[in-house]
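Summary of structural features
The primary structure of each chain is shown beneath.
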Amino acid sequence: MPVSDFGFEEEDFTTSFSGQTLKRILAQARPHWRRVLGFLLTIALVSTVDSIFTFITAKMIDDGILANDRAALLEWVALYAGLIFVSAVGVFGFIYLAGVLGELIRYDMRRSLFNHLQELSLSYFDRTPVGWIISRVTSDTDRVAELVTWGLLDVTWGIFNIVTAMIFMVIINWQLALIVFAFVPVIVISALEFRKRILGEFRLVRKINSKITGAFNESVTGVRVTKALGREEENLREFGGLTSDMYKAGFRAAWLSALFLPIVQIVSAFAVGAVVWFGGLQFLSGAMTIGGISAFVSYIVFMLWPVQEMARVYAELQHALASGERVFSLMDSIPEISDRPEAFDPGSILGDIEFDHIDFHYDPESPVLRDFSLSVPRGETIALVGPTGGGKSTIVNLLSRFYEPTGGEIRIGGQDYTGFSLEAIHSRLGMVLQTPHLFSGTVMDNIRYGHLEADDAEVERAARIAGAHDFIIEMEEGYETEVGEGGVLLSVGQKQLISLARAILADPEIFIMDEATSSVDTLTESLIQRGIEAMMTDRTSFIIAHRLSTIKRADRILVIEEGKIAEMGSHVELLHARGHYYRLYTQQFRRQLEQEYEVFGAPSPATA
Amino acid sequence: MTDQVSDMDLQETLADRRIVGLWRLMRGYRLIFIIATLSIGVAAMARAGTYLLLGKYVDEILVAENAIRLLPLVALAFLGLALIQGGATYFSGRLAGKTAEGIAKRTREYLFDHLQRLPFRYHDKARTGELVQRSTSDVDAIRRFFSEQAIGVGRIVLLFVVNLAVLISLDARLALLSVLVVPITIAMSFYFFRKISNAYEAYQEQEATLSTRLQENLSGVRVVKAFARQEYERSKFDVENWEKFTRGRYVLRLHSVYWPISDILSSFQLLFGLTVGALMVMDGMITIGTYVAYAGMIIWIIWPIRNLGRLVTQMSSGLVSYGRVTEIIKEPEEPLDVGDYVPTEAPAGGLEFAGVEFEYEAGNAVLKDIDLRVQPGQVVALLGPTGSGKSSLVNLLPRFYEYTGGSLKLDGVELNDYPRSYLRGHIGIVEQEPFLFSRTIRENIAYGVQRDVSQDEIEAAARAAAIHDVILGFSEGYDTLVGERGVTLSGGQKQRIAIARTLLADPQILILDDSTSSVDPETEALIRAALESLMQDRTSFVIAHRIQSLMRADLILVLDGGSIVQRGTHEELLEEGGLYEQIHDAQTRIEDELEREIAGV
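Residues numbered from 1 in each chain as written. Chains lettered and ligands numbered in written order. Predicted model: local features only at pLDDT ≥ 70, side-chain atom pairs only at ≥ 80, totals over all residues. Heavy atoms only, no water.

Residue and element names in this part refer to chain A. Judged by pairing direction, the sheet is mixed, and its six strands sit side by side in the order S6-S7-S8-S3-S9-S10 without closing on themselves. Both edges of this open sheet fall to strand S6 (429-432) and strand S10 (564-569), since each of them pairs with a single strand only. Strand-to-strand twist across the sheet, computed as the mean angle between neighbouring axes with direction ignored, equals 20 degrees. Strand direction decides the pairing type here: strand S3 (residues 381-385) and strand S8 (residues 540-544), joined by four bridges, are parallel. Note on S8: the bridge partner recorded for Thr381 is Ser541. (Pairing = 2+ DSSP bridges. Helix = DSSP H or I, 4+ residues; strand = E, 2+ residues; numbered from the N terminus. Axes fitted to C-alpha atoms, helices over the stretch in contact; angles between N-to-C directions.)

Listed below in structure tokens is the structure:
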């Protein structure tokens, strides 16, 4: 994960307590309220039984041993034994109920986040790093689920434990109980304060750790440069700064954590001292029993655990709230482009396309298109050429309705396309991207993505048209070959052919292609050209072109510069004009022929 | 004590047994770690002391009904014991933390340095993600081994031993009867935690799968939208999501079975002990005070032991992490400063290859019988198809790889006699797709020089590399960050920054790849000029991608299949015919065709 994402997350951390967010987090459990009730009851049961155990132990001492009454002793023992089973059932219940609830909530949240992500517009993804979104769906949902389950459980357990212990203490001796109660707030507050500090320290550790990861990542990726420039010493010195920071923060976090328990213990030792002292006095005056004193000591010792747990939950609450806020902000983000209320499916989008005085900007400060007009009769092939950032991609993004114009109107078949449903447009679009994106799975799966109902024969036919069939069957497992994550196991040329086959199988009415700039071998290149040609018949095509053969084949060439059409016409016309296109063309021509003739042995990798 | 150890050579710590290796890795921290463990023993004893004191207090003050004046003192004694216990616990945690953090620091630093000193051969095969993973998560696992697991096991064992010893001293029979189920508890705990760690691993794996699915969906969002495949994607994600739920549920089922059973077992042991003890008091075999003390201590024997299996399982995964780290550590570094001949001056730059051979793997020759003489300041252009050996040849010069046969002399001295640091200090490389670091542009330009560089020098280099104006165009100028958190540079811009970087380093010998990414003609001319100024007065090896480099070269080498098949100047080679002529003809044909194309329309 890139370093920047960590930074993003830390900055986002809120310190203010938001009751609204907490409510919404808790609401995640509402559909499963039976489970919540179940685990709350079972944990309450378990923690009450825990306190009863201590009470029984006291009774065994007083009513059994000291009264020298074997029958009474055995009665208490029998009760104890019975309660062991009750407690075990309770333990089973809360682990299972709370645990599965946690998994259910994780499942629900991931599912609704994922579903929501599918609705969001491209603009959202253009400005949000992938790593950020992934953290929302994974670690943040985890934290929220933890809070609603184990967090809630620990708090309930703690409260019941402390309250029932208090009740029993009052039953045994209320004066002494009051003395102990005086210590409880001190213990709780010191625990909370401490926890908060420790958490802050651990946050710092994580921050430095992500820097260290980044440093390793860069060092390994750039190892050749480091070696070539002899930077080893200097790099190590810089890295030493990071590890020293890490050491300091880590050590501080370690000793603060190590201090936590002793501090709470020592505070509670005051309570024990008080019990021994005043309890002793009361015993001697007959108001207290030995079993009672022993029970008091046990209650105080065991109160430390719930306090500790509650302090932990409290400290993590802040974190979970921040996570919740981020998750909800993602859930609440509204798709910028969605169907209008009366959106309809025109049945076909194969019609004349009209860009009517289009304005567009991603950022109001810097308009990309201004007053851009273009009309394209159905079936025409348009080649878009021009420098990077000139607006070519924006034109096809608008046509695909990934974005909508900020001014003007785009009409397909004479109708404003914002009246159509998105589904109506997208399901009739075929697209081949500059960097072809494949999904992990087989070649077959990837081509079929264009038309899910297609049978194997249809997939193969599309692959043949695209010119991909030959290389596919040459692979050991043919169409069943796994392409790897993002298609890493295939070459760029092969990925292009497969994505072309995918688009062919979709049998779109409008075809959009952003030609790859990276070069492929001559054979693959000619296959791709044939595939594109097959694609262009009977549909309207927009091609952001880099290859001369593609450009020449277009009905019309548009040179796009600075959001405007700088030149427009056929190849022949534009060459004669000896303007922008002429310069682009001759430069491209030389470069491409150099590659084709393999003048320098290897194609020069063009990376625009 | 914090900074002293980073220079320890971890290769010396390697041992056949991982536990021995870890012990050696602890050098300098062994004593404090032992003290940390012993402190836990002290804390356990103070705790047992508290209960003994409670027993005495019951017997000798309450039951005997005297010494009321001692009550405040007893209360104070409880506090004192708590202070000892707390102090020892803290001390132990602090020392364990110091050990763990110190060892982690030592390991991180060693790995960092080690990785940048491993030879190209190693990095060619290694995967970045894996190296980073090992250097971070695995090192963290080693840290936890010391700070949590080893010390945690020590804590459980010592609590058990100390409390049991005290119990035995109180009453041996009762003590024995109180630990009957302990062997079973331990066995169960080991069995369970091994099982749960496998189940948990499967759960984590599914988490990774889920992230990958999500990642794929997000990076392919244009495809998903363009084909309107949202429904399909949802159902695919749901399959993985549900699988994670089921695996999570399985983990919880294991937990929900183990803990109640273990609870029942331990609780009955506890109850059994308490009952037997009670009967013993009633029979006058032990005092009531002893019983109260016993009731307090017994818990510290029975409950913590159930976690032993967890810690031991975690320890074994810590050992696995350590094993993964040692796999990196044991790789031999390439020495940078070792060499018989260390001139104080920069080299003149004359090179002489005599029968140089090179193979990556035995029997797979990449360079065969290279004979070549280059005068200082000459420009040598290398030409040939991919895999012909162009890059391998130039990679021998900075000793990125070692030639496997023949002789290669720099200024008359065998290259192997020079330390690598010397060679690399005087050889500059401009790659085709140069790597820049995520730092400011200024830092990137100054990256190759180990001294303070003035702004003037940096700007001069940037001007000569024709990138100064571009840099000024960024909002923060030379302080603009490169990469993810800053500006994204085009291939051509990166290349020019790399040229500036090399100019500033002022090497005597130059290796450059003259391909330029697709840039407009003006920029191309700028880069060309920058390269020209770079080659001025330096021995230069140019991996040629364009005709201009050939025209300017003093010597052109045509490589094929690892051998030099043709050599000479442009004119000589043209006369000679062969591969060079064919290449040149192709070039001329291009111009002709362009003419025809334009004339034809």
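On to a negative patch on the surface. Taken together, A:Asp445, A:Glu476, A:Glu477, A:Glu480 and A:Glu482 make up a surface patch of like negative charges. Considering the arrangement of structural elements, one finds A:Glu482 in the loop between helix H15 (469-474) and helix H16 (492-506). (Patch = residues over 30% accessible without salt bridge, like charges linked within 9 Å, V, L, I, M, F, W, Y side chains within 5 Å. Areas by Shrake-Rupley, 256 points an atom, 1.4 Å probe, with all protein chains shown as cover. Salt bridge = Lys/Arg side-chain N within 4 Å of Asp/Glu carboxyl O. Lys, Arg positive; Asp, Glu negative; His and termini not counted. Charge placed at Lys NZ, Arg CZ, Asp CG, Glu CD.)

Turning to the nonpolar core, a few remarks are in order. The biggest cluster of nonpolar side chains holds 141 residues, and the ones touching the most others in it are B:Tyr57, B:Phe146 and B:Tyr291. Ranked by residues supplied to this core, first place goes to helix H5 (residues 128-170) of chain B with 16 residues. Residue contacts for B:Phe146: discarding those within four places in its chain leaves B:Leu22, B:Met26, B:Phe33, B:Ala96, B:Ala100, B:Ile103 and B:Ile151. Judged by nonpolar contacts, the second largest core, of 95 residues, contains A:Ala29, A:Ile43, A:Val313 and A:Met331. (Core = buried A, V, L, I, M, F, W, Y, C linked by side-chain atoms within 4.5 Å. Buried < 20%, exposed > 50% of the residue type's maximum accessible area, 1.4 Å probe, protein only. Contact = heavy atoms within 4.5 Å.)

Take the interface of chain A and chain B next. Taken together, the contact between chain A and chain B spans 153 residues of the former and 154 residues of the latter. The contact between chain A and chain B buries some 14200 Å² in all, and 69% of this surface belongs to carbon and sulfur atoms. Across the pair A:Asp126 and B:Arg222 runs a salt bridge, and its minimum N-O distance is 3.5 Å. Across the contact surface, chain A and chain B share 32 residue pairs in polar contact (both at pLDDT 80 or more). If one sorts the elements of the side of chain A that touches chain B by residue count, helix H9 (residues 232-284) of chain A sits on top with 33 residues. Partitioning the side of chain A that touches chain B into residue classes produces 87 nonpolar, 41 polar and 25 charged. (Buried area = accessible area lost by both parts, 1.4 Å probe. Polar contact = N/O pair within 3.5 Å; in protein donor to acceptor, adjacent residues only side chain to side chain. Nonpolar A, V, L, I, M, F, W, Y, C, P; charged D, E, K, R; others polar.)

This part covers the packing of helix H4 (residues 70-119) of chain A against helix H7 (residues 182-219) of chain B. To characterise two packed helices, one gives the angle between the axes of the helices and the distance between these axes. Viewed as axis vectors pointing N to C, H4(A) and H7(B) meet at an angle of 10 degrees, and their least axial separation amounts to 11 Å. Between H4(A) and H7(B), the crossing angle belongs to the class labelled roughly parallel. Where H4(A) approaches H7(B), its residues A:Glu103, A:Arg106, A:Arg110, A:Phe114, A:Leu117 and A:Gln118 are matched on the opposing element by B:Tyr203, B:Leu210, B:Leu214, B:Asn217 and B:Leu218. Tallied by class, the residues present in the contact of H4(A) with H7(B) amount to six nonpolar, two polar and three charged. (Parallel < 35°, antiparallel > 145°, perpendicular 65-115°, else oblique.)

Given 3.6 residues to a turn, an α-helix orients residues that are three or four positions apart in the same direction. Taking 1.5 Å of rise per residue, the 53 residues of helix H9 (residues 230-282) of chain B would be expected to cover 78 Å, and the 76 Å separating its terminal C-alpha atoms lies within 8% of that figure. Residue B:Gly284 follows H9(B) closely and has a positive phi angle near 75 degrees. (Expected span 1.5 Å × (residues − 1).)

Our focus in this paragraph is a nonpolar patch on the surface. Taken together, the side chains of A:Ile159, A:Phe160, A:Val163, A:Ile167 and A:Ile171 present a nonpolar region at the surface, about 430 Å² in accessible area. Within the element layout of this structure, A:Val163 appears in helix H6 (residues 130-172).

In this section: empty space enclosed by the protein. Taken as a whole and assessed by the stated rule, the structure comprises four cavities of 30 Å³ or more. Volume-wise, the largest cavity comes out at about 250 Å³. Lining the largest cavity are 15 residues, and of these A:Val272, A:Val301, B:Arg47, B:Thr50 and B:Gln85 sit closest to its centre. Within the residue set of the lining of the largest cavity, elements represented by two or more residues are H9 and helix H10 (290-332) of chain A together with helix H2 (30-63) and helix H3 (71-117) of chain B. For the lining of the largest cavity, the per-class residue count stands at ten nonpolar, four polar and one charged. (1 Å grid on protein atoms, 1.4 Å probe; cavity = no way out; pocket = protein on both sides within 12 Å on 5 of 7 lines; lining within 4 Å. Points joined across faces, edges and corners; volume = space filled by probe spheres on them.)

With that settled, the discussion passes to H5(B). Look at H5(B): 60 Å from first C-alpha to last across 43 residues, which is about the 63 Å you get at 1.5 Å a residue. Along its length, H5(B) shows its largest kink, about 45 degrees, at B:Phe145. (Bend = angle between axes of the 7 residues up to and from the residue.)

Our next topic: the packing of aromatic side chains. Residue and element names in this part refer to chain B. Applying the stated rule across the entire model yields 44 aromatic pairs over all chains. Each ring, one from Phe358 and one from Tyr360, has its centre 5.0 Å from the other, and the planes form 70 degrees; the classification is edge-to-face. Taking the relative accessible area as the measure of exposure, Tyr360 reaches 31% and is therefore partly exposed. Note on Phe358 and Tyr401: the rings are 5.7 Å apart at their centroids and 55 degrees apart in plane angle, and the pair reads as tilted. In this pair, Phe358 sits in strand S1 (residues 351-361) while Tyr401 sits in the loop between helix H12 (390-396) and strand S4 (405-410), placing the two residues 43 residues apart along the sequence. The class of Phe358 is buried, set by a relative accessible area of 1%. Taking the relative accessible area as the measure of exposure, Tyr401 reaches 5% and is therefore buried. (Phe/Tyr/Trp six-rings, centres within 6.5 Å; stacked < 30°, edge-to-face > 60°.)

Time to look at the confidence of the model for chain A. In low-pLDDT regions, the fine details of the predicted coordinates are not to be read closely. Residue and element names in this part refer to chain A. Confidence in the prediction for chain A averages 86 pLDDT; 93% of positions are at 70 or higher. The model gives residues 1-14 a pLDDT under 50, and that stretch makes 29 contacts with residues more than four places away or in other chains. Between residues 602-608, whose pLDDT stays under 50, and residues either more than four places distant or in other chains, the model counts 16 contacts. (pLDDT = per-residue confidence, 0-100.)

Hydrogen bonds between backbone groups are what pair the strands of a sheet, and the pairing can be parallel or antiparallel. Residues and elements named next belong to chain B. Read from one edge to the other, the open sheet built from six strands follows the order S6-S7-S8-S3-S9-S10, with strand pairing classed as mixed. Whereas interior strands pair on both sides, the edge strands pair on one side only; in this sheet they are strand S6 (427-430) and strand S10 (563-568). Strand after strand, the sheet turns through a mean of 20 degrees between neighbouring axes, direction not considered.

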